[in-house]
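Residue-level structure breakdown
What follows is the residue order along each chain.
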Amino acid sequence: MATAPLMLYGAAGYSLGLAAERLQAAGISFIIGGRTESKVKAKAAALGVSYRIFSADDEPAAIDEALSGLKLFVNGAGPFHNTCEQFMDACIRKGVHYTDISAELNSLNTAITRDAAAKEAGVMLIPSACSGMEVMLDCIGGLLLQKAQNPVRLEHTMNINGPVSRGTVGTIRGFKPEAVKRVGGELVPHPGEEPHEVDFRDGRGPLPRFPSNDPQIIGLWRALGVPNISTYCVKTGGGFPTEELESVPEGPSENERKATPYHLAFKITSSDGSITNAVAHTANGYDLTAMGTVEAAKAILGDAVKPGFQTPFSAWGGDYYKVFSGTTIEEY
Ligand SMILES: NC(=O)c1ccc[n+]([C@@H]2O[C@H](COP(=O)([O-])OP(=O)(O)OC[C@H]3O[C@@H](n4cnc5c(N)ncnc54)[C@H](OP(=O)(O)O)[C@@H]3O)[C@@H](O)[C@H]2O)c1
């Protein structure tokens, strides 16, 4: 089996497994990587691709060897605070671009601490670029901020709709960082503010929201200097599973994903107090992650690269969200 310049690491799991199918449908070659040989070998055989077995806990030289010949490494092994440092460092040493499917601040903070080294190596570190929802929050939020007169505050809410994957549940259970928001340029605890509900203007009415830690608290602050950013989440279509992790299904079925589109709400406040609101309606988040992986691969393999730490907005501009066809936006 031939090698390819793209590796999906963790493709034996649910989310990059969906991405692998979409990459093949798009005619983009890749190999897969992972730590559990039996699962990775079976997945590689099912896909008809090559595989490499290695772990984030291996010696650096072994990880370097596993990254040989690559142009782009896609990390699907979350929670990402366990893996992103080792893999970003190896990518910098080997001259390989790095992206992942995370929505964790850790991944961004790790990339920021390696910004200078990545620039020197000509490597782009662009965490979260395969997470379609994070691409949209970043790009649509950035576009709305660019359009507003002297914006001083961004608030956004993501509606996670329908079942979540076992990997997502494991990450949520095992990794509970305190929610933070940006106030006056500083990160402070984020207990939530009024209003505690948000309306996505799709007929469901106001829905309860809770504070989250989305990457734009870092990314859009760095890109556009907006000093106040708060992010929220709404969960609908069932709560987060409470049963034993092993009993949680691997991830939503195709029919479940089709039945549970995701939604976004944005509120921008300008220095004169004027407000711009917007809502967006889009595909299920797991389909978006698969689509996001295909689009990030096309962009980076096609040399749409800015070395150093980047976000989708800083690397590719606000209009990049349009790669997700079928997304509708209403400003009001
Ligand atoms: N932001 C987003 O939009 C978004 C979307 C989907 C998923 N996610 C996140 O992505 C992660 C994966 O989700 P998933 O649904 O694909 O989970 P999954 O089905 O459990 O797959 C995770 C894959 O990563 C591997 N892995 C996990 N920890 C590892 C480590 N420390 N070293 C090496 N490999 C490791 C697993 O390998 P083993 O089988 O060997 O454990 C498995 O192949 C989760 O953290 C989830 O929250 C984010």
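What you see is a predicted model, and the numbers here were worked out from it, not measured in a lab.

Quick notes on the rules
- Residues numbered from 1 in each chain as written.
- Predicted model: local features only at pLDDT ≥ 70, side-chain atom pairs only at ≥ 80, totals over all residues.
- Heavy atoms only, no water.
- Helix = DSSP H or I, 4+ residues; strand = E, 2+ residues; numbered from the N terminus.
- Rg over C-alpha atoms; globule rule 2.2 N^0.38 Å.
- Contact = heavy atoms within 4.5 Å.
- Areas by Shrake-Rupley, 256 points an atom, 1.4 Å probe, with all protein chains shown as cover.
- Lys, Arg positive; Asp, Glu negative; His and termini not counted.
- Charge placed at Lys NZ, Arg CZ, Asp CG, Glu CD.
- Buried < 20%, exposed > 50% of the residue type's maximum accessible area, 1.4 Å probe, protein only.
- UniProt positions renumbered as here; feature names shortened; annotations may be inferred.
- Domains from an automatic or database assignment.
- Buried area = accessible area lost by both parts, 1.4 Å probe.
- Near = heavy atom within 4 Å.
- Polar contact = N/O pair within 3.5 Å; in protein donor to acceptor, adjacent residues only side chain to side chain.
- Nonpolar A, V, L, I, M, F, W, Y, C, P; charged D, E, K, R; others polar.
- Axes fitted to C-alpha atoms, helices over the stretch in contact; angles between N-to-C directions.
- Parallel < 35°, antiparallel > 145°, perpendicular 65-115°, else oblique.
- Pairing = 2+ DSSP bridges.
- Right-handed = clockwise from strand over helix to strand, strands pointing away.
- Disulfide = S-S within 2.5 Å.
- Salt bridge = Lys/Arg side-chain N within 4 Å of Asp/Glu carboxyl O.

This part covers the overall build of the protein chain. Counting secondary structure elements, the protein chain contains 12 helices and 17 strands. Here the protein chain has a C-alpha radius of gyration of 19 Å; the compact-globule value for 332 residues is 20 Å, and the two agree. Dimensions of the protein chain, computed from C-alpha atoms along their principal axes, come out at roughly 60 × 45 × 35 Å. Intrachain contacts of the protein chain at a sequence separation of at least 6 include 73% that bridge at least 24 residues. For the protein chain, the accessible area works out to roughly 13700 Å², and carbon and sulfur atoms hold 51% of it. Averaged over its 29 positive side-chain charges, the protein chain has a centre that lies 3 Å from the centre of its 37 negative ones.

Next up on the list: helix α9 (residues 216–224). When we look at burial in α9, the residues that qualify are Gln-216, Ile-217, Ile-218, Gly-219 and Leu-220. One or two positions beyond α9, positive phi appears at Gly-225, with a value near 75 degrees.

Our focus in this paragraph is the UniProt feature "domain: Saccharopine dehydrogenase NADP binding" (unreviewed entry) in the protein chain. Mapped onto the present numbering, the UniProt feature "domain: Saccharopine dehydrogenase NADP binding" (unreviewed entry) falls at residues 23–126. For residues 23–126, the helix share is 46%, the strand share is 17%, and the end-to-end C-alpha distance is 19 Å.

To continue, consider the domain arrangement of the protein chain. Structurally, the protein chain comprises domain 1 (6–130 + 290–316) and domain 2 (132–285 + 319–331). Relative to domain 2, the C-alpha centre of domain 1 lies at a distance of 23 Å. Contact residues are listed per partner, giving 27 residues for domain 1 and 29 residues for domain 2. Interface area, domain 1 with domain 2, both sides summed: about 2300 Å², of which 71% is carbon and sulfur.

Neighbouring residues of the ligand: 24 residues in total, closest Thr-36, Lys-39, Ser-131, Ser-165 and Thr-171. Here Thr-36 contributes a side-chain N or O atom positioned 2.5 Å from an oxygen atom of the ligand. Alone, the ligand offers 920 Å² of accessible surface; in the complex the protein occludes 84% of this. At the level of secondary structure, the elements contributing two or more residues to the shell around the ligand comprise α1 (14–25), α8 (166–174) and α11 (285–301). Here the shell around the ligand takes 3 residues from α8, the largest share from any one element. Tallied by class, the residues present in the shell around the ligand amount to 8 nonpolar, 14 polar and 2 charged. Inspection of the shell around the ligand shows a minimum of three residues originating in each of domain 1 (6–130 + 290–316) and domain 2 (132–285 + 319–331).

Next up on the list: the packing of helix α5 (residues 105–113) against α9. With their axes 9 Å apart at the nearest point, α5 and α9 run at an angle of 40 degrees to one another. Relative to α9, the element α5 lies oblique. The residues of α9 that touch α5, namely those facing Leu-105, Leu-108, Asn-109 and Ile-112, are Ile-218, Gly-219 and Arg-222. Across the contact of α5 with α9, the residue classes tally to 4 nonpolar, 2 polar and 1 charged.

For the rest of this paragraph, the subject is the pairing of strand β1 (residues 6–9). Across the two faces of β1 the burial is the same, with Leu-6 and Leu-8 and Met-7 and Tyr-9 all buried. In this sheet, strand β4 (residues 72–75) lies alongside β1 in parallel orientation, the contact comprising 4 bridges. Within the sheet, the bridge partner assigned to Leu-8 lies in β4 and is Val-74. The pairing of β1 with strand β2 (residues 31–34) spans 3 bridges and is parallel. Bridge pairing links Leu-8 to Ile-32 in β2. Each parallel crossover has a hand, and the one from β1 via α1 to β2 is right-handed.

In this structure, Gly-78 sits in the loop between β4 and α4 (84–94). Judged by its relative accessible area of 38%, Gly-78 falls in the partly exposed class.

Let us look at the state of the cysteines. For the structure on display, the rule yields 0 disulfides. With no disulfide of its own, Cys-130 has Cys-91 as its nearest cysteine by sulfur position, at a separation of 12 Å. By relative accessible area, which is 0% here, Cys-130 ends up buried. Cys-233 forms no disulfide, and the closest cysteine sulfur to it belongs to Cys-139, at a distance of 19 Å. When its relative accessible area of 6% is taken as the criterion, Cys-233 is described as buried.

Okay, the pattern of salt bridges next. Per the stated rule, a full pass over the model turns up 16 salt bridges. Arg-114 is the salt-bridge partner of Glu-85, the closest N and O atoms lying 3.8 Å from each other. On the criterion of sequence distance, the pair formed by Glu-85 in helix α4 and Arg-114 in the loop between α5 and α6 (115–121) is long-range, its members being 29 residues apart. One salt bridge in this structure joins Glu-295 and Lys-298, with 3.3 Å as the shortest N-O distance. Residue Glu-295 and its partner Lys-298 are located together in helix α11, separated by 3 residues, close to a single helical turn. Lys-298 gets classed as partly exposed once you look at its relative accessible area, which sits at 44%. Overlapping salt bridges bring together Arg-153, Glu-155, Lys-181, Glu-193 and Arg-209 as one network.

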